[in-house]
Amino acid sequence: MAQPTGYLRIKNIMTTVLVTGGAGYIGSHACVELLNANFDVLVLDNFCNSKATSIKRVEKITGKSITLIEGDVRDKATLTMLFSDHQIDAVMHFAGLKAVSDSVNNPLAYYDNNVMGSITLLEVMSEFSVNNIVFSSSATVYGFSDDKPIPETAPLSPFNPYGHNKRMVEQVLADISIAEPSWNIASLRYFNPVGAHPSGEIGEDPNGVPNNLMPYVSQVAVGKRERLSVFGNDYPTIDGTGVRDYIHVVDLALGHVAALNKLMQGCGLLTLNLGAGRGYSVLELVQAFEASTEQKIPYEIVNRRAGDIAIYFADASLAKQVLGWKTTKTLEDICRDAWRWQTKNPNGY
Ligand code: NAD
Ligand code: UFG
């Protein structure tokens, strides 16, 4: 029987995205935006730093369903089964370990999970001729950059195992792109992802004492921690405290969808900063949080944290030029949404 007209065209449209680490903080927000953009979503997660509840919440927000597979990205048999059972068009690869200090203490675990995991995934993608991937890289690949703002052309000099992992996987992807020009690859270098979905249903759910500023501030506001320790006020910045480029996680997720759309056009290799393109100090963030939530954040100034950089913010112009994407949410939006998530879920998921 003849196929209806348009059948081939429809078959050729990229529709199904495998999201590794999709139950995690950034992955879950990416799932929302992928579903909103009418992609089908398959999540692979081993839940080493997340819970399946986040996926239920994504389904609640979007009114759409996700196929969830519990498994490890390093497990070739699981991946092979997954790619055999599903027609996958592209991969968003979030799965990985992300705690910098942990990577210093447990380098092998980080190289195994983050580098070997990525290579196993790429091998199986190659076997199944799935040539489209968006990779979660990090601004940490720039190390102690002198550039302010930092463009993608800045030298790469990561200084901890986590940063080396990201740089290595970027290199693997760049080499694949030379050997196999049919691959479409986006390595996205995130600056400081913060905030939560405006629904308050999904957000960052750190284990134990948060390492990062925003979750720590939220936990002080909700009464789980007494006060914030501000790590140094003698940096050469506006008020002496460290300056970072905070990007709302929903803006970040939308950047991934924009990158995926670019892959669909056949873009080869893209390496892009995803940031807001401006920096705020720790005290500016604290003030913005207080103003937008009417919560007092007690803090004390303590010594600098080892390995911290004074000022770090993105030159975000290339992503705007290539993807037509830029951030739209303000620091106030970030604080309000982080607070909504924290108050609705004081103990996380
Ligand atoms: P997250 O820990 O919340 O999410 C990572 C997810 O991957 C978790 O659900 C975890 O269970 C899963 N996972 C880890 N190892 C796995 C494995 N071997 N197999 C299957 N699943 C596995 O972290 P996040 O903040 O959402 O970060 C996502 C990605 O973005 C990571 O690769 C991280 O390095 C990168 N990144 C994060 C930041 C940040 O500040 N959050 C900044 C730059 C880059
Ligand atoms: N800070 C405090 N007190 C805290 C936590 C942080 O004063 O309790 C300060 C830091 O000194 C820094 C700023 O807040 O000036 C931001 O610190 P974060 O820990 O939130 O973020 P970082 O920029 O240090 O690190 C983040 C990710 C890394 C990633 C890096 C670059 O955690 O994984 O951005 O992308 F490598």
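Here's a quick rundown of the structure. Values in this document were obtained by computation on a predicted structure and should not be read as measured data.

What follows concerns the environment of T16. Within the secondary structure layout, T16 lies in strand β1 (residues 16-20). The class for T16 is buried, based on a relative accessible area of 12%. In this structure the C-alpha to C-alpha distance between T16 and L68, which are 52 residues apart in sequence, comes to 13 Å. With sequence-adjacent residues up to four places away left out, T16 is seen in contact with D40, Q87, I88, D89 and A90.

Taken together, 22 residues lie around ligand 2, and N212, S229, R244, R305 and D308 are the ones closest in. At a separation of 3.0 Å, an oxygen atom of ligand 2 approaches a polar side-chain atom of N192. Taking R305, its side chain carries an N or O atom lying 2.8 Å from an oxygen atom of ligand 2. Protein chains bury 88% of the 690 Å² of accessible surface belonging to ligand 2 in isolation. In terms of residue count, strand β8 (residues 228-231) provides more of the shell around ligand 2 than any other element does, four residues in total. Class assignment of the residues belonging to the shell around ligand 2 gives a composition of 11 nonpolar, seven polar and four charged.

Ordered in space as β12-β9-β14, the three strands form an open sheet in which the pairing is mixed. Edge positions in the sheet fall to β12 (280-281) and β14 (311-312), since each of these pairs with one other strand and no more. Two strands pair when backbone bridges link them, and strand β9 (residues 243-244) and β12 are joined in this way by two bridges, in the antiparallel orientation. Looking across to β12, one finds that R244 is bridged to Y280.

Thresholds, definitions, all that
Residues numbered from 1 in each chain as written. Chains lettered and ligands numbered in written order. Predicted model: local features only at pLDDT ≥ 70, side-chain atom pairs only at ≥ 80, totals over all residues. Heavy atoms only, no water. Helix = DSSP H or I, 4+ residues; strand = E, 2+ residues; numbered from the N terminus. Buried < 20%, exposed > 50% of the residue type's maximum accessible area, 1.4 Å probe, protein only. Contact = heavy atoms within 4.5 Å. Near = heavy atom within 4 Å. Polar contact = N/O pair within 3.5 Å; in protein donor to acceptor, adjacent residues only side chain to side chain. Areas by Shrake-Rupley, 256 points an atom, 1.4 Å probe, with all protein chains shown as cover. Nonpolar A, V, L, I, M, F, W, Y, C, P; charged D, E, K, R; others polar. Pairing = 2+ DSSP bridges.

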